[in-house]
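Read off the chains here:
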Amino acid sequence: MRNSEFSDDLQKIVDICRDGAEGYKIAAEHIQLDTLQTLFLRLSQQRKQYIEEIKNEALKLGITLNDRGTVKGYFHRHWLATKATFSSDTNQEVIDESIRGEQEAVEVYSKVFINWNVPEYIYSLLKAQQNQIQVAITQLRHIVPEY
């Protein structure tokens, strides 16, 4: 694989992680349920850690990545904030939307795995991150929101 394709794929993962970090932060600021606030803040920090891990490994390979996020993620975050502020079914809708975002992240990782032959140590890092995102999906599915 060419270095530019590898860089582009790593950038896609960093972007989806930035979207997740910002989305969880905004949702935590607007949701009223303490257990969700705590979980969302923890997941936001986790995604920021993923970004730093990926950027550090890419830098070792001479690849510079940014962490700007995506336009789609920007609108998604603001939709979440609006829902959390004005909707009567806020908690469940925010949980559902968070699950959808996490499923999309898992798909981005999976597509990247298919596209390239990555050094084993980077594959292991990315696979561990993807597995932790799956754990987050399970946690979100088991939250019983209070209304």
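Thresholds, definitions, all that
Residues numbered from 1 in each chain as written. Predicted model: local features only at pLDDT ≥ 70, side-chain atom pairs only at ≥ 80, totals over all residues. Heavy atoms only, no water. Helix = DSSP H or I, 4+ residues; strand = E, 2+ residues; numbered from the N terminus. Buried < 20%, exposed > 50% of the residue type's maximum accessible area, 1.4 Å probe, protein only. Contact = heavy atoms within 4.5 Å. Areas by Shrake-Rupley, 256 points an atom, 1.4 Å probe, with all protein chains shown as cover. Salt bridge = Lys/Arg side-chain N within 4 Å of Asp/Glu carboxyl O. Core = buried A, V, L, I, M, F, W, Y, C linked by side-chain atoms within 4.5 Å. Axes fitted to C-alpha atoms, helices over the stretch in contact; angles between N-to-C directions. Parallel < 35°, antiparallel > 145°, perpendicular 65-115°, else oblique. Nonpolar A, V, L, I, M, F, W, Y, C, P; charged D, E, K, R; others polar. Phe/Tyr/Trp six-rings, centres within 6.5 Å; stacked < 30°, edge-to-face > 60°. Expected span 1.5 Å × (residues − 1).

Draft legend 1. Molecular detail of the overall build of the chain. Along the backbone of the chain there are 5 helices and 0 strands. Its helices and strands taken in sequence order, the chain reads α-α-α-α-α from the N to the C terminus. Within the span of the chain, comprising 147 residues, buried residues form 48% of the whole. Considering only contacts in the chain between residues 6 or more positions apart, those separated by 24 or more positions represent 79%. Accessible surface computed for the chain: about 7900 Å², of which carbon and sulfur atoms make up 52%.

Draft legend 2. Region of interest: the pattern of salt bridges. One pass over the full model with this rule turns up 6 salt bridges. As a salt-bridge pair, E102 and R47 come within 2.2 Å of each other at their nearest N and O atoms. In this pair, E102 sits in helix α4 (residues 90–115) while R47 sits in helix α2 (residues 34–60), placing the two residues 55 residues apart along the sequence. Linked by salt bridges that have partners in common, E97, R100 and E104 make up one network.

Draft legend 3. Highlighting the nonpolar core. Within the largest apolar cluster, 38 residues are counted, with the highest numbers of intra-cluster contacts made by I13, F40, I54, Y109, L126 and L140. Residues within four places of L140 in sequence aside, it is in contact with Y24, L39, F40, I95, S98, I99 and E102.

Draft legend 4. Molecular detail of the side chain of S44. One can find S44 in helix α2. Classification of S44 as buried rests on a relative accessible area of 2%. S44 has contacts with A21, Y24 and K25, leaving out every residue within four places of it along the chain.

Draft legend 5. Spotlight on the packing of α2 against helix α5 (residues 120–141). Look at α2 against α5: their axes get within 11 Å of each other, and the N-to-C directions meet at 170 degrees. Put simply, α2 runs roughly antiparallel to α5. Here α2 contributes L39, F40, R42, L43, Q46, R47, Y50, E53, I54 and E57 to the contact with α5, which in turn contributes Y121, I122, L125, L126, Q129, Q132, I133, A136, Q139 and L140. When its residues are assigned to classes, the contact of α2 with α5 shows 12 nonpolar, 4 polar and 4 charged.

Draft legend 6. Looking closely at the packing of aromatic side chains. The full count for this structure, using the stated rule, is 3 aromatic pairs. Taking 5.3 Å as the distance between ring centres and 35 degrees as the angle between the ring planes, the aromatic pair formed by Y24 and F40 counts as tilted. Placement of Y24 in helix α1 (residues 3–30) and of F40 in helix α2 is noted, with a sequence separation of 16 residues between them. Across the pair, exposure class does not vary: Y24 and F40 are buried alike. Here a set of aromatic residues connected by ring pairs shows up, and it is made of Y109, F113 and Y123.

Draft legend 7. Structural context of α2. With 27 residues, α2 should cover 39 Å at 1.5 Å per step; its first-to-last C-alpha distance of 40 Å lies within 8% of that length. Looking at the residues trailing α2, positive phi occurs at G62, about 80 degrees.

Draft legend 8. How the structure looks around the environment of E57. Along the polypeptide, E57 turns up in helix α2. The class of E57 is buried, set by a relative accessible area of 17%. Linking E57 and I122, residues 65 residues apart in sequence, is a C-alpha distance of 7.3 Å. Every residue in contact with E57, bar those within four places of it in the chain, is listed here: Y121, I122 and L125.

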